[in-house]
Amino acid sequence: MIRLPRLVRRFLGLFSRSPAEPPRQQAGADARLRRIARICIVVCGVLGFAAYAQQTPLAQFDQITDQAVALLDALYKTIKLFMFSGPEAMAGHEHNLANWLLAVLRFLAPLCLAGYVISWFDKLWQPIVARLRLWGAKGHYVITGSDSQCWILIRNILAQGGTVVFIANSNEEAQMAWRRFGLQVIIVQGQVAAVEVWKRARIDRAALGVLLRTDGENLGLMKLLRGFKGRDGESGTTRISLRLSRLAVLRELVARPGVFAPGSRFRFEPFNPDAMAARAFFHNRTQFMDAAAAKAPGVHWLIFGASSRIEAMIEQLARIAPHPALETPCVTLFSTEPTRDHHLLDQKLGGLGTAFHYSVRPWEQAPAMPGVDDLGQIDEARPVTAILIANDGEGAPELALSLDGAAERGRIFSAPIFVVCAKGETLLPITDLGGGRITLAEPDEAVLTLENLTGVLDRSAQGLHQAYCDYAQGDHPDWSELDETYREANRRAADHAKTKLEALGVPGPLGSIEQGIEDLVAQHREELAIAEHESWRIDRLVNGWVFGETRDNQKRLHPNIKPYEELSTAEKNLDRWQVDQLPRIAKRRA
């Protein structure tokens, strides 16, 4: 509204009476001027309507006008230089040319002015419509972010019929959301760090809030929302999921214990898409039964390339693989930067000793395949049970097809091939060429779903925690008030239960439960208790804990990080109790 008078003054001058047209002296040049004017009119019209169709902000309409005038000025100079032989030939035609340029500007003026007015009303109308749609809203999903994971989550929620309120921190984010989803998403624009924006989004009545910004921004928003005063509801009734890296979670837990406890009327739960993908990978597949089918006593992964998702899958394998019936899990990594990646594995897994084997070999890059003899020697030393290919760079699909073709021709061993990537849309046609033998390992489209964010992967962990509260008696917090450290411990125990069940011959998820599983568990109770303690010990070591005479959560010291044989009877009974829960977990999985 402030710039409207200035814009009007700019165009009012264009409607002044044009000077009289001089006699025509060159009909051909005049016809060419008409054609150029018509082209200018079409171009300017297309630019104006395209700008509005793409939700160009109001601040850019003045720029469009200035660019159009500059374009006409450039056309005038071009005509002056090239259409006439010299300055003398221009005499008598400058007036005629000015008339045509004035006609173009007369057409452009109302067009830009109309676009300005329409866009102004549109900007005024959208917030009103958003407020009307949010009036009395309840059970919606509030999301803020601007990367591909944000758009994938919104698309998955819309596919399930959910109502999404997107908080745009800038005009660019609002445009991106509008171009992708249009009126399917309610867009609330404003500073994401302002409480008023979250009030407009009705966060206090939402079913779920998801923060998909950087670690620092998400932690700042968590602090902001702790001071939020909702209209109604009890403390901790609305769940806020915030995406954080594993390092950020560990840092916050050490610096501020209980930082993710319920605050205000919200309960905050961090999540990591890479860790969720790693857990889902094992939930959806019977990797250890696959190893048995391949006549391999343990898991051996052959990995090409490194990525954050590959690292999460290796860590998850280290946590849930230990079992006396299985050999020590092994990873062979082909890396383009072997020194760097070997150092990273040493940092993450070096403290595990003989509990986890890993080696790093030099490799050019995808789609180059290592020599057949080298692959044969690796498989001969320890049968390969799965091949994982990181898709952070180019050539991963071609490498997968090369390995699959070599296995089909009998040149190398046959093992399932998984392309590990964050976004799987572009790889779907490639995997179809592999005849079903090449699989995408849980891309974001399959991981970032409402089911996973609302706790499908945590159901067994929540059941274990509730069972422990009944077993230990006393006053114990429920899952919503449980510290993130103990939630991770319950998740590890629930995930490792699958390893125990498969080692006993019990089918994986959705399989039929054999009769007499209680007797089978009782028969191997001590053996399974040793495996449970070893899995717990490895999980603590991977997360940076070390042995200490006295437990200290801030310094990450624990007195039970030692062999099972050195534990007291009371400490062993806790591991035995975990084993006794296997029949219940098996029935829950069925």
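Everything numeric in this text was worked out from a predicted model, so none of it was measured. (Residues numbered from 1 in each chain as written. Predicted model: local features only at pLDDT ≥ 70, side-chain atom pairs only at ≥ 80, totals over all residues. Heavy atoms only, no water.)

Caption draft 1: Geometry of the pairing of strand E2 (residues 164–168). Most of E2 is tucked away: five of the five residues are buried. The alternating pattern of E2 places Val164, Phe166 and Ala168 and Val165 and Ile167 on opposite faces, both of which are buried. Here E2 runs beside strand E3 (residues 185–189); their pairing, made up of five bridges, is parallel. If you follow isoleucine 167 over to E3, its bridge partner there is valine 188. After leaving E2, the chain enters helix H7 (residues 171–181) and then returns to the sheet as E3, a path that is right-handed. (Buried < 20%, exposed > 50% of the residue type's maximum accessible area, 1.4 Å probe, protein only. Helix = DSSP H or I, 4+ residues; strand = E, 2+ residues; numbered from the N terminus. Pairing = 2+ DSSP bridges. Right-handed = clockwise from strand over helix to strand, strands pointing away.)

Caption draft 2: A look at the sheet that holds strand E5 (residues 238–243). Strand order in the open sheet formed by six strands is E3-E2-E1-E4-E5-E6, and the pairing between neighbours is parallel. Looking at strand neighbours, the two that pair on one side only are E3 and strand E6 (266–271), the edges of this open sheet. Across this sheet, the average inter-strand angle for adjacent strands is 20°, counted without regard to direction. Of the strand pairs in this sheet, E5 and E6 are connected by six bridges, and their pairing is parallel. The partner of threonine 238 across the bridge, within E6, is phenylalanine 266. Sitting on the sheet, helix H9 (residues 215–226) is in contact with strand E1 (141–145), strand E4 (208–212), E5 and E6, with an inclination near 160° to E5. (Axes fitted to C-alpha atoms, helices over the stretch in contact; angles between N-to-C directions. Contact = heavy atoms within 4.5 Å.)

Caption draft 3: View of unusual backbone geometry. Phi at arginine 202 is positive, roughly 55°, even though this residue is not glycine. Its identity is not glycine, yet glutamate 442 carries a phi of approximately 50°, on the positive side. One can find glutamate 442 in the loop between strand E12 (438–440) and helix H18 (444–447). By relative accessible area, which is 8% here, glutamate 442 ends up buried.

Caption draft 4: Quick look at the pattern of salt bridges. Counted by the stated rule, this structure contains 25 salt bridges. Among the salt bridges present, the one from lysine 500 reaches glutamate 532, with a minimum N-O distance of 2.7 Å. Of this pair, lysine 500 sits in helix H21 (residues 484–503) while glutamate 532 is found in helix H23 (residues 525–542), placing the two residues 32 residues apart along the sequence. One exposure class covers both lysine 500 and glutamate 532, and it is buried. Taking the shortest distance from any N to any O, the salt bridge between glutamate 526 and arginine 576 comes out at 3.1 Å. Placement of glutamate 526 in helix H23 and of arginine 576 in helix H24 (residues 569–580) is noted, with a sequence separation of 50 residues between them. Linked by salt bridges that have partners in common, Arg246, Glu311, Glu315, Arg319, Lys348 and Asp539 make up one network. (Salt bridge = Lys/Arg side-chain N within 4 Å of Asp/Glu carboxyl O.)

Caption draft 5: The arrangement of the sheet that holds strand E10 (residues 386–390) in detail. Within the open sheet, the six strands sit side by side as E9-E8-E7-E10-E11-E12. Their pairing is parallel. Edge positions in the sheet fall to strand E9 (357–362) and E12, since each has one partner strand and no second. Geometrically, the sheet is characterised by an average inter-axis angle of 20° between neighbouring strands, direction not taken into account. Inspection of the sheet shows strand E7 (residues 300–304) paired to strand E8 (residues 330–335) by five bridges, in the parallel sense. Bridged to phenylalanine 304 within E8 is phenylalanine 334. Contacting E7, E8, E10 and strand E11 (417–420), helix H13 (residues 308–320) runs over the sheet at an angle of about 170° to E7.

Caption draft 6: Quick peek at empty space enclosed by the protein. Summed over all chains, the structure comprises five cavities of 30 Å³ or more. Roughly 70 Å³ of volume is contained in the largest cavity. Ala306, Ile310, Glu311, Ile314, Leu333, Asp341, Leu344, Leu345 and Lys348 are the residues that line the largest cavity. For the lining of the largest cavity, the secondary-structure elements that each account for two or more residues are H13 and helix H14 (338–349). Ranked by residues supplied to the lining of the largest cavity, first place goes to H14 with four residues. (1 Å grid on protein atoms, 1.4 Å probe; cavity = no way out; pocket = protein on both sides within 12 Å on 5 of 7 lines; lining within 4 Å. Points joined across faces, edges and corners; volume = space filled by probe spheres on them.)

Caption draft 7: A look at the confidence of the model for the protein. Residue-level pLDDT values for the protein average 76, and 68% of them are 70 or greater. Below a pLDDT of 50 lies the segment residues 52–61, which in the model reaches 24 contacts outside its immediate sequence neighbourhood of four places, other chains included. Segment residues 82–87: pLDDT under 50, and 10 contacts once partners within four positions in sequence are set aside and those in other chains are kept. (pLDDT = per-residue confidence, 0-100.)

Caption draft 8: Fine view of the packing of aromatic side chains. Counting across every chain of the model gives 10 aromatic pairs. Between phenylalanine 304 and phenylalanine 334, the aromatic rings sit 5.1 Å apart at their centres with planes inclined by 10°, giving stacked as the arrangement. Of the two residues, phenylalanine 304 sits in strand E7 while phenylalanine 334 sits in strand E8, which places them 30 residues apart along the sequence. Relative to tryptophan 363, the ring of phenylalanine 304 lies with its centre 5.5 Å away and its plane at 65°, an arrangement referred to as edge-to-face. (Phe/Tyr/Trp six-rings, centres within 6.5 Å; stacked < 30°, edge-to-face > 60°.)

Caption draft 9: Highlighting the environment of leucine 208. Of note, leucine 208 is situated in strand E4. In this structure, the C-alpha to C-alpha distance between leucine 208 and valine 164, residues 44 residues apart in sequence, is 9.9 Å. Excluding anything up to four places from it in sequence, leucine 208 contacts His140, Tyr141, Val142, Arg239, Ser241, Leu450, Leu453 and Thr454.

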